[in-house]
Amino acid sequence: MAGISIQLTIPGDSSFESLKNDPIQFSELLGTEQQRLIDDHVVGQLDDQDGAPTLTDFSISNIIFDPVTLKGSFRLHFKISRQFCCSDISSCQTDYMDFNFIKEDKKIYGTGSYTTWSIQ
C-alpha cells in the first residue's frame, strides 16, 4: 500500500488552535494542488476505473494535535464521483483517508495512505 505526502500552509493570521477547533477552516487549507495529488493517489488505487472516478466534496474531521511533539492526525473525507458516458447515470461513494502530520512553523506536513474497501 503506497502512501502520499501533502503539505499545507497555515495562513499568517490563523493560530493552529483555532484551526484544530474548526474543521471547516482546517479543510480550507487543502488547496487545489493537494486535492489533485490526493485524487491521483486514490483513483490510482481503484480497481474499477469505470465512470472516470474523481474526488469531490473534501472535508476534514477528527483533528488531533499534541502541542509538545507538534504531531497529530486528521481524517480526510471525500466522495468518489463517477459519470458514465454511455448513459445519464452517475454514482457517488463516500470514503476517507487518515493522515498523520507534523507541524513546523506555518507548515503542516501530512502523510497518509488510502485503503480500498471492497467485499469479495
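Only a predicted model underlies this, so the values are computations on that prediction, with no experimental measurement involved. (Residues numbered from 1 in each chain as written. Predicted model: local features only at pLDDT ≥ 70, side-chain atom pairs only at ≥ 80, totals over all residues. Heavy atoms only, no water.)

1. A short note on the confidence of the model for the protein
As a reminder, the rule being used: For every residue, the pLDDT score states the predictor's confidence, bounded by 0 at the bottom and 100 at the top. Secondary structure counts use DSSP, requiring at least four H or I residues in a row for a helix and at least two E residues in a row for a strand, with both numbered from the N terminus.
Per-residue confidence for the protein gives a mean pLDDT of 79; residues scoring 70 or more make up 80%. Summarising per-element confidence for the protein, the mean pLDDT is lowest in strand E1 (residues 3-9) (72) and highest in strand E2 (residues 54-66) (88).

2. Some points on the nonpolar core
Nonpolar side chains in soluble globular proteins tend to end up buried together. The following threshold applies: Buried residues of nine kinds, namely Ala, Val, Leu, Ile, Met, Phe, Trp, Tyr and Cys, make up a nonpolar core once their side-chain atoms join them within 4.5 Å. Each residue gets one of three labels from its accessible area relative to the maximum for its type: buried under 20%, exposed over 50%, partly exposed in between, using a 1.4 Å probe on protein chains only. Any pair of residues with heavy atoms lying within 4.5 Å of one another is described as a contacting pair.
Counting 25 residues, the largest nonpolar core has Phe26, Ile38, Phe74, Leu76 and Phe78 as the members making the most contacts within it. Contributing elements (two or more residues each) for this core: E1, helix H1 (16-20), helix H3 (32-45), E2, strand E3 (71-83) and strand E4 (90-104). For this core, the element with the most residues is E2, which contributes 5 residues. Those residues in contact with Ile38, other than ones at most four positions away along the chain, are Ile4, Ile6, Leu30, Leu55, Phe58, Leu76, Met97 and Phe99.

3. Brief notes about the environment of Ile24
Relative to the assigned elements, Ile24 resides in helix H2 (residues 23-27). Residue classification places Ile24 among the exposed positions, given a relative accessible area of 61%.

4. What to know about the pairing of E3
Heads up, the condition is: In short, DSSP must find at least two bridges between two strands for them to pair.
Relative to E3, E2 runs antiparallel, the two being bridged by 9 bridges. Counterpart to Phe65 in the pairing with E3 is Gly72. What sits between E2 and E3 in their antiparallel hairpin is a turn of 4 residues, with Leu70 showing a positive phi close to 60°.

5. Notes on unusual backbone geometry
Its identity as a non-glycine residue notwithstanding, Asp57 has a phi of 55°, on the positive side. Relative to the helices and strands, Asp57 is located in strand E2. If you check the backbone angles, Leu70 has positive phi at about 60° while not being a glycine. For Leu70, the position within the fold is in the loop between E2 and E3.

6. A short note on the pattern of salt bridges
Our working definition: Salt bridges are defined as contacts in which a side-chain nitrogen from Lys or Arg sits within 4 Å of a carboxyl oxygen from Asp or Glu.
For the coordinates displayed, the defined rule picks out 4 salt bridges. Between Lys79 and Asp57 there is a salt bridge; the shortest N-O distance is 3.5 Å. On the criterion of sequence distance, the pair formed by Lys79 in strand E3 and Asp57 in strand E2 is long-range, its members being 22 residues apart. Salt-bridge contacts for Asp98 lead to Arg75; the nearest nitrogen and oxygen are separated by 2.7 Å.

7. Focus: the packing of aromatic side chains
Let me state the cut-off plainly: The pairing test for Phe, Tyr and Trp rings, Trp by its six-membered ring, is centres within 6.5 Å, and the orientation test on the planes gives stacked under 30 degrees, edge-to-face over 60, and tilted for anything in between.
Under the counting rule described, the total for this entry stands at 5 aromatic pairs. Aromatic side chains Phe65 and Phe101 sit 6.1 Å apart centroid to centroid with 5° between the ring planes, which places their arrangement in the stacked category. On the criterion of sequence distance, the pair formed by Phe65 in strand E2 and Phe101 in strand E4 is long-range, its members being 36 residues apart. Taking the relative accessible area as the measure of exposure, Phe101 reaches 4% and is therefore buried. With 5.9 Å between their ring centres and 40° between their planes, Phe74 and Phe101 make a pair best called tilted. Placement of the pair is Phe74 in strand E3 and Phe101 in strand E4, with a sequence separation of 27 residues. By way of ring pairs, the aromatic residues Phe65, Phe74, Phe99 and Phe101 are connected into one cluster.

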